[in-house]
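Fold and contact review
Here's the letter readout for the chains.
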Amino acid sequence: MASPMRALPSDPARYVQTFNVFLANSTEHQSTQEFLEKQLPAVIASIGNGKSTINVLSVGGGAGETDLLILSKIRARYPGVTINNEVIEPNAEQILKYKERVAKTPNLENIKFTWHEETANEYISRMKAEKTTKKWDFIHMIQVLYYVKDIPATIKYFHSLLDTQAKLLIIVESETNGWETLWRKYGSSFPVQDFCTYLSSLDIKKILDPAGLKYQIHEIPSQLNITSCFVEGNEDGEMLLDFITEVCEFSKTAPPELKRQVMEVLRTPACSVQRDGKIFFNNTISAIVIEP
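As the structure is a computational prediction, the values presented were derived from the model and not from experiment. (Residues numbered from 1 in each chain as written. Predicted model: local features only at pLDDT ≥ 70, side-chain atom pairs only at ≥ 80, totals over all residues. Heavy atoms only, no water.)

**Details of empty space enclosed by the protein**
- A full pass over the atoms with the stated rule returns 1 cavity of 30 Å³ or more.
- Roughly 40 Å³ of volume is contained in the largest cavity.
- Taken together, Tyr123, Met127, Thr132, Lys134, Trp136, Tyr157 and Leu161 make up the full set of residues lining the largest cavity.
- For the lining of the largest cavity, the residue count by class is 5 nonpolar, 1 polar and 1 charged. (1 Å grid on protein atoms, 1.4 Å probe; cavity = no way out; pocket = protein on both sides within 12 Å on 5 of 7 lines; lining within 4 Å. Points joined across faces, edges and corners; volume = space filled by probe spheres on them. Nonpolar A, V, L, I, M, F, W, Y, C, P; charged D, E, K, R; others polar.)

See the structure below:
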């Protein structure tokens, strides 16, 4: 009998709900922002040298909050320079929020925004069909590579668009975190279909090393409070389990033995630490900065 489990991204509304619960219970957003505040200035220190326009490509820009932080750092390093910021984002609702955020943000006069409502794959296909080879000074792909079909080809393509002083920033799960333990063990039991591939910094290194590409990895510590996952019937807990497994209604649709094993491994030291009566999942992420 076919499993009733469905891949979470097949229900975009549920996905956004679970993602918001994840953000509310994790330090990932703050940790990423802290990395961008403290480490990004060194990463972008030479991307615009001698240029009157800096070209920035955001792959999976979402609602724009992180993008605007990145742009503020580029503007601070290169005051007065025109920034051409193009965004690839398939979700129309997210683009709308991004545009609203831009409208409310002061001092963006020297930044030109262009939005492309399409996936990374669609963007690549369109550029190849148009025979367009525009060069970029900074490309960032933050927590987005899980949703592309051919990860090595996608990295290779965007890397090929880097100008001489440019940088490609990829942020994904760290090979040291709890997702690595959970997904290496049970990922094949989850109905990921074409929507999502689990990957970590380990997988990215396996792509970059044979290609001989130069890169640096910055580990960004982060944690996720999953205590509510162990409270039967807790709505937030069920949402978090959906997000962690990428399964829609995991608690209700997973085979009982799979659910038992997943709940068991989530409690182990390989995934989580227990502190003050709470369970914190290791959500450390990796920022990988790749040279041209």
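**Quick word on the UniProt feature "binding site: substrate" (unreviewed entry) in the protein**
- UniProt feature "binding site: substrate" (unreviewed entry): in the numbering of this structure it lies at Glu28 and Asn283. A stretch of 256 residues holds the annotated residues, and the largest C-alpha distance among them is 7.3 Å, short enough that they meet in one place. From the set just named, the residues that line the largest pocket comprise Glu28.
- Contact partners of Glu28, with chain neighbours within four places excluded, come to Phe22, Gln143, Glu173, Ser222, Asn283 and Ile285.
- Here Asn283 is to be found in the loop between strand S11 (278-282) and strand S12 (285-290).
- Those residues in contact with Asn283 that sit more than four places away from it in its chain are Phe22, Ser26, Glu28, Glu173, Asn177, Trp179, Ser222, Gln223 and Leu224.
- A distance of 2.8 Å separates the side chain of Asn283 from the side chain of Trp179, its partner in a polar contact. (UniProt positions renumbered as here; feature names shortened; annotations may be inferred. Contact = heavy atoms within 4.5 Å. Helix = DSSP H or I, 4+ residues; strand = E, 2+ residues; numbered from the N terminus. Polar contact = N/O pair within 3.5 Å; in protein donor to acceptor, adjacent residues only side chain to side chain.)

**Looking at the packing of aromatic side chains**
- This structure, assessed with the given rule, holds 17 aromatic pairs.
- Ring geometry for Tyr15 against Tyr147: centres 6.3 Å apart, planes inclined by 85°, an arrangement best described as edge-to-face. One end of the pair, Tyr15, is in helix H1 (residues 12-25); the other, Tyr147, is in the loop between strand S5 (136-142) and helix H7 (151-160), and 132 residues separate them in sequence.
- Residue classification places Tyr15 among the buried residues on the basis of a relative accessible area of 18%.
- Taking 5.1 Å as the distance between ring centres and 70° as the angle between the ring planes, the aromatic pair formed by Trp183 and Phe190 counts as edge-to-face.
- On the basis of relative accessible area, Trp183 is assigned to the buried category, the value being 7%.
- The exposure class of Phe190 is buried, given its relative accessible area of 4%.
- Put simply, the rings of Tyr15, Phe19, Phe22, Tyr146, Tyr147, Trp179, Phe243 and Phe281 pair up and form one aromatic cluster.
- Against the face of Tyr78 rests Arg77, its NZ or CZ located 4.6 Å from the ring centre. (Phe/Tyr/Trp six-rings, centres within 6.5 Å; stacked < 30°, edge-to-face > 60°. Buried < 20%, exposed > 50% of the residue type's maximum accessible area, 1.4 Å probe, protein only. Lys NZ or Arg CZ within 6 Å of the ring centre and 35° of its normal.)

**Focus on the layout of surface pockets**
- By volume, the largest pocket is sized at about 1600 Å³.
- Lining the largest pocket we find 50 residues, and of these Tyr15, Phe19, Gln94, Gln143 and Tyr147 sit closest to its centre.
- Of all the elements in the fold, those that place two or more residues in the lining of the largest pocket are H1, helix H2 (28-38), strand S2 (53-59), helix H4 (65-77), helix H5 (92-104), helix H6 (120-129), S5 and helix H8 (178-186).
- Among the elements that line the lining of the largest pocket, the one with the most residues is H1, at 7 residues.

**Structural notes on unusual backbone geometry**
- Even without glycine at this site, Glu246 takes up a positive phi of about 60°.
- With phi around 55°, Glu249 is a residue other than glycine that occupies positive phi space.
- Relative to the assigned elements, Glu249 resides in the loop between strand S9 (247-248) and helix H11 (250-253).

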